[in-house]
Amino acid sequence: MMTQWNQVYRICALLLVDIFAVGLIVPLITAYLRDLGASARAIGALQSIYGLIQLGSGPAIGALSDHVPRKLVLIVCSLGGAFGYSILTFTSSVWGFTISRIIVGIFRQFSTVSKAAVCEASSPDDRITAISYLYLALSMGFMVGPALGGIIAEKYGIRTVIALACGAFACNGLLVQIVMQKSIHQSEKLQPGPTSVGKVRISTPFQIHDIASKLSMSAVISGTMSSCRRVVLLPEKIRNLMIFRLLIGVSVMLSRSGLALLLEFGNYGFGLKDKGLLISFFSIVSAFSQAFGVDFVRKRVSEKNLVIVCALTMGVAQMAVAVGEHMVALCVILTVIAMSSSVLKVCQQSLLTKATSPQHYGEVSDMEIM
């Protein structure tokens, strides 16, 4: 049991570093695009394209991690993120920014694979606690990253922050290699065999370039289409949960894109530092909700009912963002979204993993759109 929890704690620590690196850049994206001469329409379109790529690559890479050692997939995701963001350090055009976002959209699935690894390392009774710890680590990374990124950008420039984030991604890839323990997927792969179901597990060495070759745009599209076909054939309970997750993902994507545009072009007058502090405030609320609220609430209300209530609450709060005109109102609305989304994500992931087998944890792990 201690070995399992050690693995959970290590994955949480690695995710914290990854999200910290992402958080450094998040408050700078819209301002960087404005500096490149992009209009509000172009910024919104690029944000949506990035979100759609993440929605598509999430199931593909999650499914890949079910058949390839998750440790290697995490390393490739870290290095791919470092490469994608590094393009921003020298690009001077919107097209260069677009290429960077496409690459990052494909490879930025560290949290998706981490969730599958945590579910795999924890027992069914402890799973929701383990998932809560993982989301707590995610929120802690966003507590520090955006605020620090905004402060550094105002003093030393956006490109300096991007370079620091790339270094953090690369270092995290090395940390994965050093600290992450072997899982049941270490050196395992599904291959055709003589069993009744036509598949057996055999030991097969994997190389990073083997995984990278499966993360091309065509492979992601093919994997996504294959995942969609499999969803249609899933039992009704799992299929409904997957469709619900997709709708929530699209909702979050559109909401975050709209909020970013509102903060950039609205009447709030936010600078880079202010945006970073606002994102950090959101993450602080999320962290407290995951640390103290999730376990308290789920002992009194079923996970199914919690998912329904939190989804409705998020929907109403997201609409309220569009009509809010004052800073205090915005903070109150974001607090409601942070609390409801914290509970929703944990319960949704718990329901999905309870309804499926460990061999498909990667495919049903939801993604974070960042």
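Residues numbered from 1 in each chain as written. Predicted model: local features only at pLDDT ≥ 70, side-chain atom pairs only at ≥ 80, totals over all residues. Heavy atoms only, no water.

Scanning the chain for helices and strands turns up 15 helices and two strands. Looking at the chain residue by residue over its 370 residues, the buried ones come to 53%. Within the chain, counting contacts between residues at least 6 apart in sequence, those at least 24 apart form 82% of the total. (Helix = DSSP H or I, 4+ residues; strand = E, 2+ residues; numbered from the N terminus. Buried < 20%, exposed > 50% of the residue type's maximum accessible area, 1.4 Å probe, protein only. Contact = heavy atoms within 4.5 Å.)

This part is about the nonpolar core. Counting 77 residues, the largest nonpolar core has Tyr 85 and Phe 97 as its most contacted members. Here the element with the most residues in this core is helix 1 (residues 2-25); it accounts for 11 residues. In contact with Phe 97, not counting residues within four places along its chain, are Ile 29, Tyr 32, Leu 33, Leu 36, Leu 46, Leu 88 and Thr 91. With 10 residues, the next largest nonpolar core counts Val 321, Leu 330, Cys 331 and Leu 334 among its residues. (Core = buried A, V, L, I, M, F, W, Y, C linked by side-chain atoms within 4.5 Å.)

Scanning the model with the defined rule gives three aromatic pairs in all. Each ring, one from Tyr 32 and one from Phe 97, has its centre 6.1 Å from the other, and the planes form 35°; the classification is tilted. Highlighted residues: Tyr 32 in helix 2 (residues 29-35) and Phe 97 in helix 5 (residues 94-107), separated in sequence by 65 residues. For the pair shown, Tyr 32 and Phe 97 are each scored as buried. Taking the centre distance of 5.4 Å and the plane angle of 5° together, the rings of Tyr 85 and Phe 169 count as stacked. Separated by 84 residues along the polypeptide, Tyr 85 in helix 4 (residues 70-86) and Phe 169 in helix 8 (residues 158-179) bring together distant segments of the chain. The same class applies to Tyr 85 and to Phe 169, which are both buried. In this structure, Arg 101 packs its charged tip against the face of Tyr 50, placed 3.8 Å from the ring centre. (Phe/Tyr/Trp six-rings, centres within 6.5 Å; stacked < 30°, edge-to-face > 60°. Lys NZ or Arg CZ within 6 Å of the ring centre and 35° of its normal.)

A rise of 1.5 Å per residue sets the reference length of helix 13 (residues 303-323), with its 21 residues, at 30 Å; its end C-alpha atoms lie 31 Å apart and thus fit the reference within 8%. By the burial criterion, the buried members of helix 13 are Glu 303, Leu 306, Val 307, Cys 310, Ala 311, Met 314, Ala 317, Gln 318 and Val 321. One face of helix 13 carries all of its buried residues, which in axial projection span an arc of 140°. Structural note: helix 13 exposes Lys 304, Leu 312, Val 316, Met 319 and Val 323 on the side pointing more than 90 degrees away from its buried face. Looking at the packing, one finds that the buried side of helix 13 touches helix 7 (127-156), helix 11 (236-265), helix 12 (272-298) and helix 14 (327-355). (Expected span 1.5 Å × (residues − 1). Arc of directions from axis to C-beta.)

Glancing now at the packing of helix 11 against helix 14. Close contact between helix 11 and helix 14 brings their axes to 11 Å; oriented N to C, the two are set at 155°. Looking at the two axes, helix 11 sits roughly antiparallel to helix 14. Considering only the axes of helix 11 and helix 14, their crossing is left-handed. Contacts between helix 11 and helix 14 pair Lys 237, Ile 238, Leu 241, Met 242, Phe 244, Arg 245, Ile 248, Leu 259 and Leu 263 from the former with Leu 330, Leu 334, Leu 344, Gln 348, Leu 351, Leu 352 and Ala 355 from the latter. Here the residues of the contact of helix 11 with helix 14 are counted per class, giving 13 nonpolar, one polar and two charged. (Axes fitted to C-alpha atoms, helices over the stretch in contact; angles between N-to-C directions. Parallel < 35°, antiparallel > 145°, perpendicular 65-115°, else oblique. Left-handed = near helix turned anticlockwise from the far one by under 90°. Nonpolar A, V, L, I, M, F, W, Y, C, P; charged D, E, K, R; others polar.)

The next subject is the confidence of the model for the chain. On average, residues of the chain score 78 in pLDDT, and 79% of them reach the 70 mark or higher. The secondary-structure element of the chain with the lowest mean pLDDT is strand 2 (residues 199-203), recorded at 37, while helix 8 shows the highest, at 93. (pLDDT = per-residue confidence, 0-100.)

Another aspect to go through is the side chain of Ser 139. Topologically, Ser 139 is positioned in helix 7. Judged by its relative accessible area of 4%, Ser 139 is buried. Leaving out residues up to four positions away in the same chain, Ser 139 has contacts with Ser 283, Ser 286, Ala 287 and Gln 290.

The next thing to look at is the pattern of salt bridges. Applying the stated criterion to the full structure yields three salt bridges. Put simply, Asp 66 and Arg 70 hold a salt bridge, and the shortest N to O gap is 3.2 Å. Each member of the salt-bridge network shares a partner with another, and the members are Asp 66, Arg 70 and Glu 120. (Salt bridge = Lys/Arg side-chain N within 4 Å of Asp/Glu carboxyl O.)

All right, on to the packing of helix 3 (residues 40-67) against helix 4 then. The geometry of helix 3 relative to helix 4 is characterised by a closest axis approach of 10 Å and an angle of 155° between their N-to-C directions. Considering the angle they form, helix 3 stands roughly antiparallel to helix 4. Like other packed secondary-structure pairs, helix 3 and helix 4 cross with a definite hand, here right-handed. Here helix 3 contributes Tyr 50, Ile 61, Gly 62, Ser 65 and Asp 66 to the contact with helix 4, which in turn contributes Arg 70, Val 73, Cys 77 and Tyr 85. Of the residues that constitute the contact of helix 3 with helix 4, the class distribution is five nonpolar, two polar and two charged.

Looking now at the state of the cysteines. Per the stated rule, a full pass over the model turns up zero disulfides. This cysteine, Cys 310, is not joined by any disulfide, and Cys 347 carries the nearest cysteine sulfur, 6.6 Å off. (Disulfide = S-S within 2.5 Å.)

This part covers a nonpolar patch on the surface. A contiguous nonpolar surface patch, about 330 Å² in accessible area, is contributed by Ile 284, Phe 288 and Phe 292. For Phe 288, the position within the fold is in helix 12. For Phe 288, a relative accessible area of 52% translates into the label exposed. (Patch = residues over 30% accessible without salt bridge, like charges linked within 9 Å, V, L, I, M, F, W, Y side chains within 5 Å. Areas by Shrake-Rupley, 256 points an atom, 1.4 Å probe, with all protein chains shown as cover.)

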